[in-house]
Amino acid sequence: MTEREYARVFSRYAGEEGDLIPLLQKVQERAGYIPEDAVGRISEFLKLSENRIYGVASFYSQFRFTEPGRHSIKICLGTACHVSGGQILADAVERDLGITDGQTTEDGRFDFRRVACLGCCALAPVVQIDDVIHSRVTVIRFKEILDEYK
Amino acid sequence: MNTNKFIQQREKAARKWDRLQKSRVPLIYLGSASCGRAAGAMDVLAAVKKTLKDRSLKAKMVHVGCIGPCYLEPLMDVQMPGRPRVSYANVTPELAKRIVVSNLVKGDPMGKLAVGYFDGNGHGKIPGIKRFFDLPMLKPQVRVVLRNCGFIEPEDIDHYIANDGYSGIVKALETGPEKVIAEVEEAGLRGRGGAGFPTFRKWEICRNSPGETKYMICNADEGDPGAFMNRSLIEGDPHAVLEGLLIAAYAIGASHGYIYIRAEYPLAIVRLEKAIGQMREYGFLGKDILGSGFDFDITIKEGAGAFVCGEETALISSIEGKRGMPKSRPPFPAVCGLHGMPTIINNVETLGTLPNIMRNGAEWYSRLGVQGNRGTKTFSLVGKVRRTGLIEVPLGTSLRKIIFDIGGGTLKPFKAVQTGGPSGGCLSEEFLDTPGDYESLAAAGSIMGSGGLIVMDEDTCVVDLARYFLEFTQAESCGKCSPCRVGTRHLVEILKRITRGDAEPDDLIKLQNLGETVKRGSLCGLGQTAPNPVLTTLQYFRPEYLMHVKEKHCEAAVCRELIEYRVVPGKCTGCQRCVDVCPTGAITGPRSEPHNLDPDKCIKCRACYEICRFDAIAGDAIIIRSMRESDEQAN
Ligand SMILES: Cc1cc2nc3c(=O)[nH]c(=O)nc-3n(C[C@H](O)[C@H](O)[C@H](O)COP(=O)(O)O)c2cc1C
Ligand code: FES
């Protein structure tokens, strides 16, 4: 993110402690992750130590510190998806793309996240790729879906 | 107080609603909540639009929330002028085109394809089509909180107002906060977020606590993985939740409100943002609301992915920009909460209930449910049940009625039901007649929780389920207190040993003792309830644990290390479909001859099993089974 982009994000906040998480979220929304320099800038803006900011950011599973892939795969491992075979889909990602939870493929094509519940439990198992949620996914269909993004 | 403006708004809204009901162009309703979208509603929408354009047909799209039977999604309804609205299920783009053409061009509602029609708009019925609300899944339900879901456009405040929306807050403002609290007390409303604490009581404490500012928070974190009641309500009727928030805030004397909502629910967030904008425009937010002197505004806070933040003190820390660590109570948030001020946190459904109580009165509400458990409760009915979806029933409705009458039972024999998510318990068949109320479920060793119901059949391994839940709570433990941090880790280790077939007989005793220790010693509700899935399964499904421990046998054929894939020679026709999909070359064999599956190469990825079931000539020549059974056969 550029200097100006940061300024634009910051301009929407009063600079209170309670703005920390929304700010991190906004930065991640723009940059796709929390870049190193963001922490310093937020620290200056909110007058909180960088340690504090890392402490908070690392507590919440939403925040990532590495660049995401071009497409983001989220496999739901909520209870409904678990009992309907969600784990087998997660295994398939780990095996076929060679990445585990939170990682990005070397070619930068995909990143992968296990999540617990996307709220479509009645249609389990569920996989989200970018903004699209696919329901009742089987191993075979999952392969076909992934091929569309390759 | 001045309600003139509201009366005008209501009249305008009623006219708009009436015009829609009597629409002279056909109406096409589409369930476009997250579940509908996941099932393909957006492709259906595109197909409908294209068909209308190609055929130069006129129709108005009505985007509604989820009506509940998610297993029928995508649902699409057509209402021809002067006719009732007819619903079609599992609509594909191709089918959508046929439905549109048949209705709009030929005037034929395709009775065979329709799942039901809706009465209520004064357009009579259609011969040969059932009432939608007579469907077995809908008939036993009582819809109070969900009354608008699937009927109104959630993004249009006028639809809500036309259906008596915001008349609850008007009534509240007229009667004064004390009367509101008394009404909620008389209604017998208890918190729907899990614990079932009487809502009026914590309000009263907050109202009477000194503090220059008070806060009202809506808990939309919906942390139970496998439950979606709150998402569905917000997506389908956001104004009901917002009106409830307004009523609660007025009752406790709060001037600012927050909605803490999980980031995994982007559509719900968008709908809330829009709805809040409309409230401002209509004068339901801001200074001096409806000339009553009541000032209130709402901020949305997105969660950042931490289950423990559903717990109220952790939630408050999170809003304050800190790590979401729970604090020991007392002091309770009602006395000392956000920024040290008196704060009330209520669940989405609790709030969504309030407008109904204010509008219809406590006496009406308390007619629903049973003594001590008044009103209705929504449940997300999922897992191995035939009819999955979101339902609402009076409190006290038995699990049997919910799972079998409403849910249609299971395909394979029923095994268990988990209520209350990771904090809840796993109940066996003998508990099916347990009334679904707070006390009965607690007596059975489980909890009501927020309304997640996961149904399991004989293909689910309860030991694996217990391991799953403990892995979840262990990962979500915030680490502040050691019984939870260390205890859950040990529980997971033991459960992993059992599911791998590496356990010793005394591991079951260790599980039991450790589970009880964690329950007693933990600081917050997360740790205090985390062992419930283990303790209940140990109690009700002990033979299944023993089989894993003593015989290394997983009857449900789930635990990876204890199962294997096999080709049934008598059934395999040698079609080679499985050979094609096997990623490791574990399956071999010439065409037209039964194939060979090399267990050493098999990684249990399930591809062959699926392809054989859905795409091969033989059908089910590949089976997944416990290794013990295979050994028996070999001997
Ligand atoms: C670990 C943990 C997670 C919780 N998650 C939620 C949640 O996601 N949603 C919710 O409404 N309540 C949750 N609760 C309960 C809240 O702490 C609180 O009791 C509830 O929001 C109060 O609202 P109610 O009185 O309307 O039920 C959770 C509690 C614990 C201990
Ligand atoms: S459990 Fe997967 S969407 Fe809820």
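Computed from a predicted structure; not experimentally measured. (Residues numbered from 1 in each chain as written. Chains lettered and ligands numbered in written order. Predicted model: local features only at pLDDT ≥ 70, side-chain atom pairs only at ≥ 80, totals over all residues. Heavy atoms only, no water.)

### Digging into the sheet that holds strand β1 (residues 71-76) of chain A
Residue and element names in this part refer to chain A. Here is the rule: Pairs of strands are assigned from DSSP output, requiring at least two bridges between the strands. Strands are runs of DSSP state E lasting at least 2 residues, helices are runs of H or I lasting at least 4, and numbering of each runs from the N terminus. To obtain each axis, a line is fitted to C-alpha atoms, and for helices this fit is confined to the stretch in contact; angles are then taken between N-to-C directions over 0 to 180 degrees.
If you trace the four strands from one edge of the open sheet to the other, you get β2-β1-β3-β4, paired in mixed fashion. Two strands lie at the open edges of the sheet, namely β2 (110-115) and β4 (132-134), each paired on one side alone. The average undirected angle you get between the axes of adjacent strands in this sheet is 20 degrees. Relative to β4, strand β3 (residues 127-129) runs antiparallel, the two being bridged by three bridges.

### Here's the deal with the site of ligand 1
All names here are of chain B. The condition that has to hold: Near is defined per residue: the residue qualifies when any heavy atom it owns lies within 4 Å of the molecule or strand. Within 3.5 Å is the distance limit for a polar contact, defined as a pair of N or O atoms, with the added protein rule that one can donate a hydrogen and the other accept it, and that residues adjacent in sequence qualify only through two side-chain atoms. Computed by Shrake-Rupley with a 1.4 Å probe, the accessible areas treat only the displayed protein chains as cover when residues are assessed.
The immediate surroundings of ligand 1 are formed by 18 residues, with Gly-193, Lys-202, Gly-223, Asn-347 and Thr-350 found nearest. Separating an oxygen atom of ligand 1 from a backbone N or O atom of Glu-312 is a distance of 3.1 Å. Contact between ligand 1 and Ile-345: an oxygen atom at 3.4 Å from a main-chain N or O atom of the residue. With the chains in place, 88% of the 620 Å² that ligand 1 exposes on its own is no longer accessible. Of all elements in the fold, only β9 (343-347) and α20 (525-529) reach the threshold of two or more residues within the shell around ligand 1. No other element matches β9, which puts three residues into the shell around ligand 1.

### Quick word on the pattern of salt bridges
Note on pairing: side chains with opposite charge can pair once their charged atoms come close. Our working rule: Should a side-chain nitrogen of Lys or Arg be within 4 Å of a carboxyl oxygen of Asp or Glu, the pair is scored as a salt bridge. Burial classification: accessible surface area is computed with a 1.4 Å probe over protein chains only, and a residue below 20% of its type maximum counts as buried, one above 50% as exposed, and the rest as partly exposed.
Throughout the structure, instances matching the rule amount to 44 salt bridges over all chains. Close ionic contact of Arg64(A) with Asp111(A) constitutes a salt bridge, the shortest N to O distance being 3.5 Å. With a gap of 47 residues between them, Arg64(A) in the loop between α4 (50-59) and β1 and Asp111(A) in strand β2 connect regions that are remote in the sequence. Neither residue differs from the other here; Arg64(A) and Asp111(A) are each classed as buried. The closest approach of N and O atoms between Asp18(B) and Lys22(B), which form a salt bridge, is 3.0 Å. When its relative accessible area of 38% is taken as the criterion, Asp18(B) is described as partly exposed. Of the residues examined, Lys22(B) reaches a relative accessible area of 55% and is grouped as exposed. Linked through salt bridges whose partners overlap, the residues forming this network are Lys12(B), Lys16(B), Asp156(B) and Asp158(B).

### What to know about the domain arrangement of chain B
Interfaces are often sized by the accessible area lost when the parts come together. All names here are of chain B. Note the following rule: Domain start and stop points were drawn from an automatic or database domain assignment. Any two residues having at least one pair of non-hydrogen atoms within 4.5 Å are treated as being in contact. By buried area we mean the combined loss of accessible area, with a 1.4 Å probe, across both parts when two parts are placed together.
With domains assigned, chain B is organised as domain 1 (4-134), domain 2 (166-361), domain 3 (372-457), domain 4 (462-551) and domain 5 (560-634). Taking the mean C-alpha position of each, domain 2 and domain 3 sit 26 Å from one another. Contacts between the two partners involve 18 residues from domain 2 and, on the opposite side, 23 residues from domain 3. Between domain 2 and domain 3, the buried area comes to about 1,500 Å², and carbon and sulfur atoms account for 53% of it. At the junction of domain 2 with domain 3, the criterion picks out two salt bridges.

### Observations regarding helix α4 (residues 93-104) of chain B
Since the α-helix packs 3.6 residues into each turn, any two residues three or four apart lie on the same face. All names here are of chain B. Rule in force here: Each residue after the first adds 1.5 Å to the expected span of a helix.
Counted at 1.5 Å a residue, the expected span for α4 with its 12 residues is 16 Å, and the 16 Å between its end C-alpha atoms agrees. Taken together, the buried positions of α4 are occupied by Leu-95, Ala-96, Ile-99, Val-100, Val-101, Ser-102, Asn-103 and Leu-104. Along its buried surface, α4 packs onto β1 (27-31), α3 (41-54), β3 (76-79) and β4 (85-88).

### Section: the side chain of Ser135(A)
Secondary-structure assignment places Ser135(A) in the loop between β4 and α7 (139-149). Among the polar contacts listed, one links the side chain of Ser135(A) to the backbone oxygen of Ala38(B), at a separation of 3.0 Å. Every residue in contact with Ser135(A), bar those within four places of it in the chain, is listed here: Leu123(A), Pro125(A), Val126(A), Arg141(A), Ala38(B) and Ala39(B).

### Let's talk about a positive patch on the surface
Let me state the cut-off plainly: Patches in this entry comprise residues that are over 30% relatively accessible and not in a salt bridge; like charges within 9 Å are linked, as are nonpolar side chains (Val, Leu, Ile, Met, Phe, Trp, Tyr) within 5 Å. When charges are counted, neither His nor the chain ends are considered; positive counts come from Lys and Arg and negative counts from Asp and Glu. By convention, the point assigned to a charge is CZ for Arg, NZ for Lys, CD for Glu and CG for Asp.
Side chains of Arg4(A), Arg8(A), Arg12(A) and Arg30(A) sit close together on the surface and give a patch of like positive charge. Looking at the element boundaries, Arg30(A) is found in helix α2 (residues 20-31).

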